[in-house]
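What follows is the residue order along each chain.
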Amino acid sequence: MNLRLDRMTLFSREQLKKLIRGISVRQVRLACGLVLFAYLVSHFVNHALGNISMDALATGVHYHIAFWQFLPVAMVFYTAALVHAGLGIWALYERRQFRWKAIEPLQLVLGLSIPALIIAHIVGVRLGYTLFEHQKLYPQVLYAYLIVWPYKIRMMFAVLVISWVHGCIGLYFWLRMKAFYNRAAPFLLAAAVLVPTLAMLGLYQGGRSVIADVNNDAAEWKADNLSRSQVGTLAEQATLDSIADYFLIFYLGLIGVVLLGRGVRALNERRVGMISLSYGNGRTVRVPRGLSVLEASLRNNVPHASVCGGRARCSTCRIRVIGDCASLPQPSQREAFVLNRVGAGSDPAIRLACQLRPEADLSFFQIFLPQITAATLRTSSPTRIGEERYLVSMFVDMRGSTRLAENRLPFDTVFIVNRFLGAVSKAVIECGGQPNQFVGDGQLALFGLNCSPQTACRQALQAAAMIAANVDELNQFLSHDLREPIRFGIGIHGGEVIIGDIGYRDHMVFTALGDAVNVAARLQDMTKSLACEAILSEEVRVTAGLPADGLPEQEVAIRGRAEPMIVRSVTHASALSALVNDVQIIAA
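In this text the structure is predicted, and so the values were computed from the model without any measurement.

## Digging into the overall build of the protein chain
Item 1. Counting secondary structure elements, the protein chain contains 20 helices and 13 strands.
Item 2. For the protein chain, the residues scored as buried account for 45% of the 588 residues in total.
Item 3. Put simply, of all contacts in the protein chain between residues at least 6 apart along the chain, 72% involve residues at least 24 apart.
Item 4. For the protein chain, the accessible surface area stands at approximately 30100 Å², while carbon and sulfur atoms represent 62% of it.

## Things to note about the sheet that holds strand E5 (residues 362-366)
Two strands in a sheet stick together by hydrogen bonds in their backbones, pointing the same way (parallel) or opposite ways (antiparallel).
Item 1. Ordered in space as E2-E1-E5-E3-E4, the five strands form an open sheet in which the pairing is mixed. Two strands close off the open sheet at either side, each with one partner strand: strand E2 (284-288) and strand E4 (350-352). Going across the sheet, the axis of each strand differs from the next one's by a mean of 40 degrees, ignoring polarity.
Item 2. Across the face of the sheet, helix H13 (residues 333-341) comes into contact with strand E3 (318-321) and E4 while running at roughly 125 degrees to E4.

## What to know about the side chain of Ser297
Item 1. Note on placement: Ser297 falls in helix H12 (residues 293-299).
Item 2. A distance of 3.0 Å separates a polar atom in the side chain of Ser297 from a polar atom in the side chain of His304.
Item 3. Leave out the neighbours within four places in its chain, and Ser297 touches Tyr279, Val302 and His304.

## Describing unusual backbone geometry
Outside of glycine, negative phi angles account for most residues, and trans bonds account for most peptide bonds.
Item 1. Located in the positive-phi region is Glu133, a residue other than glycine, with phi close to 60 degrees.
Item 2. Take Glu133: it is sitting in the loop between helix H5 (103-132) and helix H6 (138-148).
Item 3. Located in the positive-phi region is Ala531, a residue other than glycine, with phi close to 50 degrees.
Item 4. Along the chain, Ala531 turns up in the loop between helix H18 (515-529) and strand E11 (534-537).

## Observations regarding the nonpolar core
Item 1. Membership of the largest hydrophobic core comes to 43 residues, with the highest contact counts inside it found for Met394, Phe420 and Ile492.
Item 2. Listing elements by their share of this core, those giving two or more residues are strand E6 (387-399), helix H16 (410-430), strand E8 (442-447), helix H17 (453-477), strand E9 (487-504), E11, helix H19 (538-544) and helix H20 (575-587).
Item 3. In terms of residues, this core owes the most to one element, H17, which gives 11 residues.
Item 4. Contacts of Phe420, omitting those with residues within four sequence positions, involve Val396, Asp397, Met398, Asp441, Val471, Leu474, Ile486 and Phe488.

## Let's talk about the packing of aromatic side chains
Describing an aromatic ring pair means giving the distance of the ring centres and the angle of the ring planes.
Item 1. Summed over the entire model, instances satisfying the criterion amount to 13 aromatic pairs.
Item 2. Ring centres 5.6 Å apart and planes at 50 degrees place the aromatic pair Tyr172 and Phe173 in the tilted group. Side by side, Tyr172 and Phe173 carry an identical accessibility label, which is buried.
Item 3. Each residue in the set Tyr39, Phe67, Trp68, Phe77 and Tyr78 is aromatic and connected to the rest through ring pairs, giving one cluster.
Item 4. A cation over an aromatic ring shows up here: Lys152 above the ring of Trp149, its NZ or CZ 4.3 Å from the ring centre.

## A closer look at the packing of helix H2 (residues 25-48) against helix H3 (residues 54-68)
Each pair of packed helices can be described by the angle between their axes along with the distance between the axes.
Item 1. Where H2 meets H3, the closest approach of the two axes is 8 Å, and the angle between their N-to-C directions is 160 degrees. When the interaxial angle is binned, H2 and H3 end up roughly antiparallel. The two elements H2 and H3 cross, and the hand of that crossing is right-handed. Listed contacts from H3 to Val35, Ala38, Tyr39, Ser42, His43, Asn46 and His47 of H2 are Leu57, Gly60, Val61, His64 and Trp68.

## A word on the pattern of salt bridges
Side chains that differ in charge, positive against negative, can pair when their charged atoms come close.
Item 1. Throughout the structure, instances matching the rule amount to six salt bridges.
Item 2. For the salt bridge of Arg351 with Glu335, the shortest nitrogen-to-oxygen distance reads 2.8 Å. With Arg351 in strand E4 and Glu335 in helix H13, the pair connects residues that are 16 residues apart, well separated along the chain.
Item 3. The class of Glu335 is buried, set by a relative accessible area of 1%.
Item 4. Of the charged contacts, one joins Asp397 and Arg399 as a salt bridge, the two residues approaching to 2.9 Å between their closest N and O atoms.

## Considerations on a nonpolar patch on the surface
Item 1. On the surface, a nonpolar cluster with roughly 480 Å² of combined accessible area is contributed by Ile147, Val148, Trp149, Tyr151, Met155 and Ile211.
Item 2. Within the secondary structure, Tyr151 is located in helix H7 (residues 151-175).
Item 3. For Tyr151, a relative accessible area of 42% corresponds to the partly exposed category.

## Here's the deal with the confidence of the model for the protein chain
Item 1. Summarising the model, the protein chain shows a mean pLDDT of 82, and 86% of its residues fall at 70 or more.
Item 2. Element-level pLDDT for the protein chain is lowest in helix H14 (residues 382-385), with a mean of 45, against a maximum mean of 92 in E11.
Item 3. Low confidence marks residues 373-383, where pLDDT is under 50. Its contacts with residues over four positions away, or in another chain, come to 24 contacts.

## Some points on the environment of Pro196
Item 1. Position of Pro196 relative to the elements: it lies in helix H8 (residues 181-216).
Item 2. Placed 35 residues apart in sequence, Pro196 and Val161 show a C-alpha to C-alpha distance of 7.1 Å.
Item 3. When neighbours within four sequence positions are excluded, Pro196 is seen to be in contact with Phe44, Trp164 and Ala191.

## Some thoughts on the pairing of E8
Item 1. For E8, a buried count of six out of six residues is recorded, marking the element as mostly surrounded by other parts of the structure.
Item 2. Alternating positions in E8 separate into two faces, Gly442, Leu444 and Leu446 on one and Gln443, Ala445 and Phe447 on the other, with burial throughout.
Item 3. By the bridge criterion, five bridges tie strand E7 (residues 434-439) to E8 in an arrangement that is antiparallel. Among the inter-strand pairings, Gln437 is bridged to a residue of E8, identified as Leu444.
Item 4. The antiparallel hairpin formed by E7 and E8 contains two residues in its connecting segment, where Gly440 sits at a positive phi of about 65 degrees.

## Notes on the state of the cysteines
Item 1. Using the criterion set out here, one finds zero disulfides in the structure.
Item 2. For Cys457, which is in no disulfide, the shortest distance to another cysteine sulfur is to Cys451 and amounts to 9.0 Å.
Item 3. For Cys457, a relative accessible area of 0% gives the class buried.

## Digging into the pairing of E11
Item 1. Across the two faces of E11 the burial is the same, with Ala534 and Leu536 and Ile535 and Ser537 all buried.
Item 2. Across four bridges, E11 lies against strand E13 (residues 565-570) in antiparallel orientation. Note that in E13 the partner of Ile535 across the bridge is Ser569.

## Quick look at the environment of Glu473
Item 1. Of note, Glu473 is situated in helix H17.
Item 2. Since its relative accessible area comes to 54%, Glu473 is described here as exposed.

Parameters at a glance
Residues numbered from 1 in each chain as written. Predicted model: local features only at pLDDT ≥ 70, side-chain atom pairs only at ≥ 80, totals over all residues. Heavy atoms only, no water. Helix = DSSP H or I, 4+ residues; strand = E, 2+ residues; numbered from the N terminus. Buried < 20%, exposed > 50% of the residue type's maximum accessible area, 1.4 Å probe, protein only. Contact = heavy atoms within 4.5 Å. Areas by Shrake-Rupley, 256 points an atom, 1.4 Å probe, with all protein chains shown as cover. Pairing = 2+ DSSP bridges. Axes fitted to C-alpha atoms, helices over the stretch in contact; angles between N-to-C directions. Polar contact = N/O pair within 3.5 Å; in protein donor to acceptor, adjacent residues only side chain to side chain. Core = buried A, V, L, I, M, F, W, Y, C linked by side-chain atoms within 4.5 Å. Phe/Tyr/Trp six-rings, centres within 6.5 Å; stacked < 30°, edge-to-face > 60°. Lys NZ or Arg CZ within 6 Å of the ring centre and 35° of its normal. Parallel < 35°, antiparallel > 145°, perpendicular 65-115°, else oblique. Left-handed = near helix turned anticlockwise from the far one by under 90°. Salt bridge = Lys/Arg side-chain N within 4 Å of Asp/Glu carboxyl O. Patch = residues over 30% accessible without salt bridge, like charges linked within 9 Å, V, L, I, M, F, W, Y side chains within 5 Å. pLDDT = per-residue confidence, 0-100. Disulfide = S-S within 2.5 Å.

This is how it looks when you write it as structure tokens:
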């Protein structure tokens, strides 16, 4: 029991380390942005209640304030707001190249404009409550924006649109490579149009109600809604206006300092000197030090693949460095994480073009076709371009094919191998998987392209059992022609992989790349030394829901991995069918 707990602790620590290595500044900004977008949705839904009545607005804002001013939630919200704004300003300084697409600089400009546009509203409502305990709610705000300062209602609508568009662009960049995006896109578009429209209509209807109440009995309405405890005194309002003005001056000054810093950096880079980047096609460009390889490509109009737009969320911008790699800067945690995910972390010559900022002349060639860019994402299936998915990889290999060919005609050998691969493919397809690659007498099959990880693991185990049954039938059919029965080995492992079209020009194939695929191949090789028909990883066993005592457990060393791995050996693959069926019956 203690040993199992120690292993679970080790497994948890490794998962935590892997998670931390995968966190980048952009992901922190995304997480903070999601918190702010949740607040935005909540506030917009509250605004939309104005289409019902002012009482509905009052009820909605009560629950809205109760949730977002609850201390733990408020701490998360204000931290997210400060971090997101700070990282937005840092992005303005850091980004050296703005010729990605119009949508990216648009998102940055809209995001930077939001603090300047909302500061007066935040100071008037939130800071007014903190400093002077003003109880400004919808009646007070709508009265001020529609009657006292009519121009402010247009500014409010502008803020609503700008903040919503900024958030939706961020969500688009995040979700566009997800498997469900194409199916969900029409519903997301409908929500993106309806939510702000209903919010602005709600404010308009609420404003009409306020104007009607004021016109009907101005004195009574003002006495009920414009008391000192609600809107404060002129002196208090002047103090709040001064705070808003000072903040605006500070913010615009900060933006100015960042722009000035960009100019100083550009001059310094040119003063320090230029470097040459040589592409594998013979083209060479001169760029300042400090630019990433991808930024240099875009600046000089050199086509370069980049599905995620240089955010280190994909590996399509990968390059292979030609020559000595010792002088290259070390990969960042995020770059190392992405390269490890696609099985390229051990090769120092493979780098992400969006992250590598060379300090000296560099020669390289691009690994992916330049046509695979963000522009093609909208017109091509995401699974064909490049996508991160949890898949279960199964390697199946025929044993003894070399001896099989010794005393046979080539046609006879090919016939038997094809019959074996046919028996394997039939089992894979019937269980919901997809035969992917055929390498000699072996096959890679993928499970989980259209189902959950748990279902994918169970499908792979069922397929392994069915392969055993199909090969038994094949052995009976070929018994008169075989000196010994056909034997096989199966390796099964699940994890995050990259799927997409790999190859060159007309020779493109759809396949999966990543550590999970490599481990499945290693487990298949290991069936020879462990004298069993199948080996599955503990990851597959746990995800499939098989009992811990159902299969013998072993800790093995995997070539290419620093840490040992827990696996389950299966002497006869046909036994997996009963285990999976038992689990499904219990679950039902």
